[in-house]
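# Topology and contacts: notes
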Amino acid sequence: MSEGKQLVAKGRLIQEMSLKNRLIELITKWEVILCILLVVVVVFFSNMTPYFWDWFNLMNATFQFSEKAILALPMIFIIMCGDIDISIASIVALSGFVVGTAAEKGVGIPSLLLLSLLVGTVAGLINGLLITGLEMPAIAVTLATQSIYRGIPTGVLGEHACTQYPQGFGFFGQEFIPGTVIPFELVLYLFIAAIFAFVLHKTTYGRRLYAIGNSAETAKFSGINVKRMRIINFTLTGFFCGLGGFLLASRILSVRSNIATGWDMEIITLVVLGGVSITGGRGTVIGVILGSLLVGYLKFGMGLLKFSGTVMTIVVGSLLIIAVLLPRLLDLYKANRKLRMQQRS
């Protein structure tokens, strides 16, 4: 009888430990941590200012980070493969410059969009071909093209601003879905995010991205055309930079050569904060969406409290450091915990 009670007690203990392990695994998932942080940010700023927890204000705030959030999606693919692209803000500026210049010459909205997408795609393709063709680190190549792509609008525009656009052009970056307070850009972002989530998590292309990130050499010997996929990634990023340039021009209706300055690091921060490993091979789209919302609403709240731009930059930079260090600490914790459990058994 006592032996049976011991077995029952042991079974209960194993069940409790299993439940505890599952709970710890859930809490230490990066996406769950981001959800908790997002809730903390919302609760904190809602208590600090009555203007934060307002549905219109919450929706309106997305105008300030939707373009960056869109550009963070293709950056997932680049960082997933262990690459980096610090020329994205310059490609946005170049695309916006083309849109503004063409608009002043009377070009219509559909043609402006096509021009912007074409310029961005070509710029991204050039990045990909240079990186794979010269076999140079992506950071070195995109550092060079960053200056070139930014230099073109700077040299042509100088201090001039393009401010003449077709009727209705401002809808894409400024307006809401008719009959709602939901911004068009937000809907577009969620639609594109759904496509990227499907590609990354449900297709062969996505599985190959993970494989390249974990070991490019192994992926190569497995029959994956690593060079071609890297070129596609940079070209795809250029395409969305073109879209970003078009949306930014639509939102501000005044294109100068210095638009999107500083976006490079902010977008990389969104991706890394979203849980995409800076060394490649790990990450999810939902994590990047949560990271984008977290940074966007954190800056929105700080803006309502009249924090300076310098303080915001420091906070975002601190988040980047945390995003790089914390996953590694969590991995060490999980590895040590697993080792202790093995030793007990």
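Residues numbered from 1 in each chain as written. Predicted model: local features only at pLDDT ≥ 70, side-chain atom pairs only at ≥ 80, totals over all residues. Heavy atoms only, no water.

## Section: the environment of Phe 52
- Relative to the elements of secondary structure, Phe 52 occurs in the loop between α2 (30-48) and α3 (55-61).
- Along the chain, Phe 52 and Leu 304 lie 252 residues apart, while their C-alpha atoms are 7.6 Å from each other.
- Excluding anything up to four places from it in sequence, Phe 52 contacts Val 42, Phe 45, Ser 46, Asn 57, Leu 58, Tyr 297, Phe 300, Gly 301 and Leu 304. (Helix = DSSP H or I, 4+ residues; strand = E, 2+ residues; numbered from the N terminus. Contact = heavy atoms within 4.5 Å.)

## Some details on the side chain of Thr 49
- Relative to the elements of secondary structure, Thr 49 occurs in the loop between α2 and α3.
- Classification of Thr 49 as buried rests on a relative accessible area of 7%.
- In this structure Thr 49 touches Leu 304 and Leu 305, once residues within four positions along its chain are discounted. (Buried < 20%, exposed > 50% of the residue type's maximum accessible area, 1.4 Å probe, protein only.)

## A look at the environment of Ile 126
- Position of Ile 126 among the secondary structure elements: in helix α6 (residues 109-134).
- According to the relative accessible area criterion, Ile 126 is partly exposed, its value standing at 38%.
- On a C-alpha basis, the gap between Ile 126 and Val 141 in space is 9.9 Å, while along the polypeptide they are 15 residues apart.

## Some thoughts on helix α4 (residues 66-80)
- Look at α4: 21 Å from first C-alpha to last across 15 residues, which is about the 21 Å you get at 1.5 Å a residue.
- Along α4, the largest kink reaches about 35° and is centred on Pro 74.
- Counting buried residues in α4 gives 15 out of 15 residues, a clear majority hidden from the surface.
- Just beyond α4, the residue with positive phi is Gly 82, at close to 85°. (Expected span 1.5 Å × (residues − 1). Bend = angle between axes of the 7 residues up to and from the residue.)

## Here's the deal with the packing of aromatic side chains
- Counted by the stated rule, this structure contains 18 aromatic pairs.
- Both rings, one in Phe 52 and one in Phe 300, keep their centres 5.5 Å apart while their planes meet at 35°; by these two values the pair is tilted. On the criterion of sequence distance, the pair formed by Phe 52 in the loop between α2 and α3 and Phe 300 in helix α14 (residues 285-304) is long-range, its members being 248 residues apart.
- Judged by relative accessible area, Phe 300 falls into the buried class, the value being 18%.
- Taking 5.7 Å as the distance between ring centres and 75° as the angle between the ring planes, the aromatic pair formed by Phe 171 and Phe 172 counts as edge-to-face.
- Among the residues examined, Phe 171 registers a relative accessible area of 29% and is labelled partly exposed. (Phe/Tyr/Trp six-rings, centres within 6.5 Å; stacked < 30°, edge-to-face > 60°.)

## Side note on the pattern of salt bridges
- Following the criterion strictly, the structure yields five salt bridges and no others.
- Of the charged contacts, one joins Glu 67 and Arg 251 as a salt bridge, the two residues approaching to 2.9 Å between their closest N and O atoms. Taken together, the positions of Glu 67 in helix α4 and Arg 251 in helix α12 (residues 226-252) put the pair 184 residues apart, joining distant regions of the chain. The residues Glu 67 and Arg 251 share a single accessibility class, namely buried.
- A salt bridge links Lys 227 to Glu 135; the shortest N-O distance between them is 3.5 Å. Taken as a pair, Lys 227 in helix α12 and Glu 135 in the loop between α6 and α7 (138-157) lie far apart in primary sequence, 92 residues in all.
- For Lys 227, a relative accessible area of 43% translates into the label partly exposed.
- Owing to a relative accessible area of 62%, Glu 135 belongs among the exposed residues under this scheme.
- Linked by salt bridges that have partners in common, Lys 68, Glu 266 and Lys 299 make up one network. (Salt bridge = Lys/Arg side-chain N within 4 Å of Asp/Glu carboxyl O.)

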